[in-house]
Amino acid sequence: MNSRSINIYIRRLQSVNCPLLDITSKTVSTIEAIIHVILKNICFSIKKVIILTDRKTISVSDIDTSIRFLIPTELALNMIAFSNQAVILFGQSERNEKKERILTREKRSGLIFSVSLTEKYIRDFGFCNYNVSSLSPVFLAASIEYFIKQLLILTAGITIDSKKVRMTPRHV
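Presented here is an overview of the structure given in this document. The numbering scheme is per chain: residues are counted from 1 as the chain's sequence reads. Where local features are concerned, this predicted model is filtered to residues with pLDDT of at least 70; where side-chain atom pairs are given and counted, the filter is 80 or more; whole-chain, interface and lining totals use all residues. In computing side-chain values, all of the structure's heavy atoms are included and hydrogens and water are not.

Here's the deal with the packing of helix α3 (residues 60-70) against helix α7 (residues 136-161)
And then number 1: In this analysis an axis means a line fitted to C-alpha atoms, helices contributing only their contacting stretch, and an angle means the value between N-to-C directions, from 0 to 180 degrees. Helix and strand definitions here come from DSSP, where helices need a minimum of 4 consecutive H or I residues and strands a minimum of 2 consecutive E residues; each element is numbered from the N-terminal end. It is at 8 Å that the axes of α3 and α7 come closest, and there the two elements cross at 30°. Put simply, α3 runs roughly parallel to α7. The handedness of the crossing between α3 and α7 comes out as right-handed. Residues V60, I63, D64 and I67 of α3 form the contact with α7, whose participating residues are S136, F139, L140 and S143.
And then number 2: Charged residues are taken to be Asp, Glu, Lys and Arg, nonpolar residues to be Ala, Val, Leu, Ile, Met, Phe, Trp, Tyr, Cys and Pro, and polar residues to be all remaining types, Gly included. Classifying every residue of the contact of α3 with α7 gives five nonpolar, two polar and one charged. Orientation labels follow simple angle bins: below 35 degrees gives roughly parallel, above 145 gives roughly antiparallel, 65 to 115 gives roughly perpendicular, and whatever is left gives oblique. Handedness of a crossing follows from how the near helix is turned relative to the far one, being left-handed for an anticlockwise turn of less than a right angle and right-handed for a clockwise one. The criterion used for residue contact is that any of the two residues' heavy atoms lie within 4.5 Å.

Notes on the side chain of T27
And then number 1: Note on placement: T27 falls in helix α2 (residues 25-53).
And then number 2: For T27, a relative accessible area of 0% corresponds to the buried category.
And then number 3: Under this definition, polar contacts are N or O atom pairs within 3.5 Å; protein pairs additionally need one hydrogen-donor-capable and one acceptor-capable atom, and for neighbouring residues in sequence, both atoms have to be side-chain atoms. Separated by 3.0 Å, the side chain of T27 and the backbone oxygen of M167 make a polar contact. Residue burial is assigned from relative accessible area. The probe radius is 1.4 Å, only protein chains are included, and a residue is buried under 20% of its type maximum, exposed over 50%, and partly exposed in between.

Brief notes about the packing of aromatic side chains
And then number 1: For this analysis, a ring pair means two rings from Phe, Tyr or Trp (six-membered ring only for Trp) whose centres lie within 6.5 Å, classed as stacked if their planes differ by under 30 degrees, edge-to-face if by over 60, and tilted for the remaining angles. Scanning the model with the defined rule gives two aromatic pairs in all.
And then number 2: For the ring pair F82 and Y146, a centre distance of 5.6 Å and an interplane angle of 40° mean the geometry is tilted. Taken together, the positions of F82 in helix α4 (residues 73-95) and Y146 in helix α7 put the pair 64 residues apart, joining distant regions of the chain.

Topic: unusual backbone geometry
And then number 1: The phi torsion at D54 lies on the positive side, around 60°, for a residue other than glycine.
And then number 2: Secondary-structure assignment places D54 in the loop between α2 and β2 (57-58).
And then number 3: The exposed category is assigned to D54, whose relative accessible area is 69%.
And then number 4: Of note, the phi angle at K163 is positive, near 60°, even though the residue is not glycine.
And then number 5: Examined against the element boundaries, K163 turns out to sit in the loop between α7 and β4 (166-167).

Notes on the nonpolar core
And then number 1: Residues enter a nonpolar core if they are buried and are Ala, Val, Leu, Ile, Met, Phe, Trp, Tyr or Cys, with the set joined through side-chain atoms within 4.5 Å. Judged by nonpolar contacts, the single largest core of 49 residues is most densely connected at I67, I144, I148 and L152.
And then number 2: For this core, the secondary-structure elements that each account for two or more residues are α1 (3-17), α2, α3, α4, α6 (115-124) and α7.
And then number 3: At twelve residues, the largest contribution of residues to this core is made by α7.
And then number 4: Residues in contact with L152, not counting those within four places in the same chain, are I10, L13, Q14, C18, I23, I31 and M167.

The following block contains the structure:
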């Protein structure tokens with residue numbers, strides 16, 4: 001996944017969630033590294049789940065299982081709930097597509113983080129022999145977006161407590 005493109009989405013999420021605080025480029029790089037590690041581990045566990053279940057399509061349930069396996073309980077449940085809401089919005093927008101045409105999958109699902117980047121990450125990770133369902137990248141993008149939001153909110157709280165206006169890697 002291109003690091004420059006992830007930086008854009010991290011900065012967008014920061015401007016939406018913490019508009020009064022600034023963020024340094026080193027902090028964005030730190031968050032980006034965290035996201036890469038999480039995505040890599042999630043994709044690795046998805047691959048294990050698919051091999052164990054002997055299926056050829058990556059589905060939302062596979063991503064759900066790997067998130068529940070890798071991430072602590074409360075955070076995982078909140079990530080999955082947020083992701084399910086995004087998938088529901090995405091499905092409703094596909095049904096209402098005749099009324100108004102929304103082009104991007106991010107807008108259909110109400111996300112800021114790129115769905116196409118997560119799909120590209122899934123496909124480039126070593127799943128070339130597997131199919132990817134249309135909802136899987138939406139689910140994974142929503143869960144990553146929720147994780148980044150929570151990380152930024154906690155970092156902003158620590159930044160405000162230390163009476164600073166700029167988030168640094170120390171605050172992460």
